[in-house]
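# Inside the fold
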Amino acid sequence: MQIGPHQVVIERKRTKHLYLKIKNATQVHVSAPRQWPHEDIVAIIESRSDWITEQQQRFAERPELASAPLVDGAMIPYRGRNYRLALRQGASKVTIVDDEIIVQLAQPDDESAVTQRLERWYRSQLKQQISELLLHWQPIMQVQASDFGVRKMKTRWGSCNIRTKKIWLNFDLVKKSPQSLEYVVVHELTHLYERYHNARFYALMDKFLPDWSERRHRLNHNE
Ligand SMILES: [Zn+2]
C-alpha cells in the first residue's frame, strides 16, 4: 500500500514491536504486532518518513562507479546520462565528445589509475557546477554559504552546518541530473534560514523551487 511517498508492505507478526526494513529504493517492509490498529502503523511510518527516504537513497545510489569495472567501452553515469568510457594513452586529460567520456592517461590499462583520474575529473566538474549554482541562487535567496565542499556520503545528498554556514554536497550528485543537483543545493541553502524540515522549511522550498518535491522524487528513484 502507499503511505505518503512510500510503497509499504505490512506484515502482521507475533511481535511486541514494529520493525521497519528498507528492501530497495522504492519499497518498505513493515512487521507489526497483530493487535496494533492500522492507523498506528501508518502514523509511525509517516513520522519516520524522512529517515525512510534517506535509507532509500542508499539503494538509489546503486549501481555506481565502484561496482562497474572501468574498462574501455564501459557505460558510466554523468549528469543524469550514461556515457561510453573511452580509454586512450597519452598526457593526462579527460574530455567529453558527444556521448563519450574520453580518459587519456599514461597507463589506461591500470584500472585504479583510471578510477583516480575519473574521480578527480568528476570532483572538479561537480565543484564547478556547484559554484555556478551558488552564484545564481545566493542572490535570489538572499543567503550566503561561507564555503562548500564535496565528499562521499552514504546516506544523504547534502548537509549544512548551520553554525559555520558551510554546505557539503554528496560526490555522487555528479552522476545525477542538473535538476537534481540544483534541488539539493537549494535545499541546503534553505537550511541557512531554517534548521529543521518543518512547515517553514517546506514553505521556503515552495517559494524558491516550486517543483522541489518532484525533483526529490526523481533523485530518490535514480532518474
Ligand atoms: Zn535537509
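Since this is a predicted model, take the numbers as computed values, not measurements.

A tally of helices and strands in the chain yields six helices and 11 strands. Along the first, second and third principal axes, the C-alpha set of the chain runs to 70 × 45 × 30 Å. When the 223 residues of the chain are sorted by exposure, 45% land in the buried category. Partitioning the intrachain contacts of the chain with sequence separation of at least 6 by distance along the chain shows that 45% fall at a separation of at least 24. Here the chain has roughly 12400 Å² of accessible surface; of this, 48% comes from carbon and sulfur atoms.

Before going further, it helps to examine the coordination of the zinc ion. The protein atoms donating to the zinc ion are His187 (NE2), His191 (NE2) and His197 (NE2), with metal-donor distances spanning 2.0 to 2.1 Å. The sequence pattern formed by the donor residues of the zinc ion is H-x3-H-x5-H. For histidine 191, a relative accessible area of 7% puts it in the buried group.

Two elements, strand E5 (residues 75-78) and strand E6 (residues 81-89), share four bridges in a ladder whose sense is antiparallel. Bridge pairing in E6 links isoleucine 76 to tyrosine 83. Remark: two residues form the turn of the hairpin made by E5 and E6, two consecutive strands paired antiparallel; arginine 79 in that turn has positive phi of roughly 50°. As paired elements, E6 and strand E8 (residues 100-105) share six bridges and run parallel to each other. Across the sheet, the residue bridging to leucine 85 is isoleucine 101, located in E8.

For the rest of this paragraph, the subject is the nonpolar core. Formed by 45 residues in total, the largest nonpolar core has its most connected members in Ile101 and Leu189. No other element matches the 10 residues that helix H3 (residues 111-141) contributes to this core. Those residues in contact with leucine 189 that lie beyond four places of it in its chain are Leu134, Trp137, Gln138, Met141, Val143 and Ala145. Val8, Val28, Val30 and Ala32 belong to the second largest nonpolar core, which has 12 residues in total.

Let us now look at the side chain of glutamate 182. On the secondary structure map, glutamate 182 appears in helix H4 (residues 178-190). Here glutamate 182 falls in the buried class, since its relative accessible area comes to 16%. In contact with glutamate 182, not counting residues within four places along its chain, are Leu133, Trp137, Leu209 and Arg215.

So, about the packing of H4 against helix H5 (residues 199-208). For the pair H4 and H5, interaxial distance at closest approach is 10 Å and the crossing angle is 135°. Classified by the angle between their axes, H4 and H5 sit oblique to one another. Crossing geometry of H4 relative to H5 is assigned as right-handed. Facing H4, whose interface residues are Tyr183, Val186, His187 and Thr190, H5 presents Phe201, Leu204, Met205 and Phe208. When grouped by side-chain class, the residues that make up the contact of H4 with H5 number six nonpolar, two polar and no charged.

For the rest of this paragraph, the subject is the domain arrangement of the chain. By the assigned domains, the chain splits into domain 1 (2-60) and domain 2 (75-220). Placing the centre of domain 1 and that of domain 2 at their C-alpha centroids yields a distance of 30 Å. Each side of the interface is counted separately: domain 1 has seven residues, and domain 2 has nine residues. Between domain 1 and domain 2 lies a buried interface of about 780 Å² when both sides are counted; carbon and sulfur atoms form 40% of it. In this assembly, domain 1 and domain 2 are joined by zero salt bridges. Summed over the shared surface of domain 1 and domain 2, the result is zero residue pairs in polar contact (both at pLDDT 80 or more). By residue class, the composition of the side of domain 1 that touches domain 2 is two nonpolar, two polar and three charged.

Using the criterion set out here, one finds eight salt bridges in the structure. Measuring nitrogen to oxygen at the nearest pair gives 2.7 Å for the salt bridge that ties aspartate 172 to lysine 175. Neither residue differs from the other here; aspartate 172 and lysine 175 are each classed as buried. Within the structure, one salt-bridge network assembled from shared partners comprises Glu182, Asp211 and Arg215.

About the cut-offs
- Residues numbered from 1 in each chain as written.
- Predicted model: local features only at pLDDT ≥ 70, side-chain atom pairs only at ≥ 80, totals over all residues.
- Heavy atoms only, no water.
- Helix = DSSP H or I, 4+ residues; strand = E, 2+ residues; numbered from the N terminus.
- Buried < 20%, exposed > 50% of the residue type's maximum accessible area, 1.4 Å probe, protein only.
- Contact = heavy atoms within 4.5 Å.
- Areas by Shrake-Rupley, 256 points an atom, 1.4 Å probe, with all protein chains shown as cover.
- Donors = N, O, S within 2.8 Å, 3.2 Å for Na, K, Ca; no water.
- Pairing = 2+ DSSP bridges.
- Core = buried A, V, L, I, M, F, W, Y, C linked by side-chain atoms within 4.5 Å.
- Axes fitted to C-alpha atoms, helices over the stretch in contact; angles between N-to-C directions.
- Parallel < 35°, antiparallel > 145°, perpendicular 65-115°, else oblique.
- Left-handed = near helix turned anticlockwise from the far one by under 90°.
- Nonpolar A, V, L, I, M, F, W, Y, C, P; charged D, E, K, R; others polar.
- Domains from an automatic or database assignment.
- Buried area = accessible area lost by both parts, 1.4 Å probe.
- Salt bridge = Lys/Arg side-chain N within 4 Å of Asp/Glu carboxyl O.
- Polar contact = N/O pair within 3.5 Å; in protein donor to acceptor, adjacent residues only side chain to side chain.

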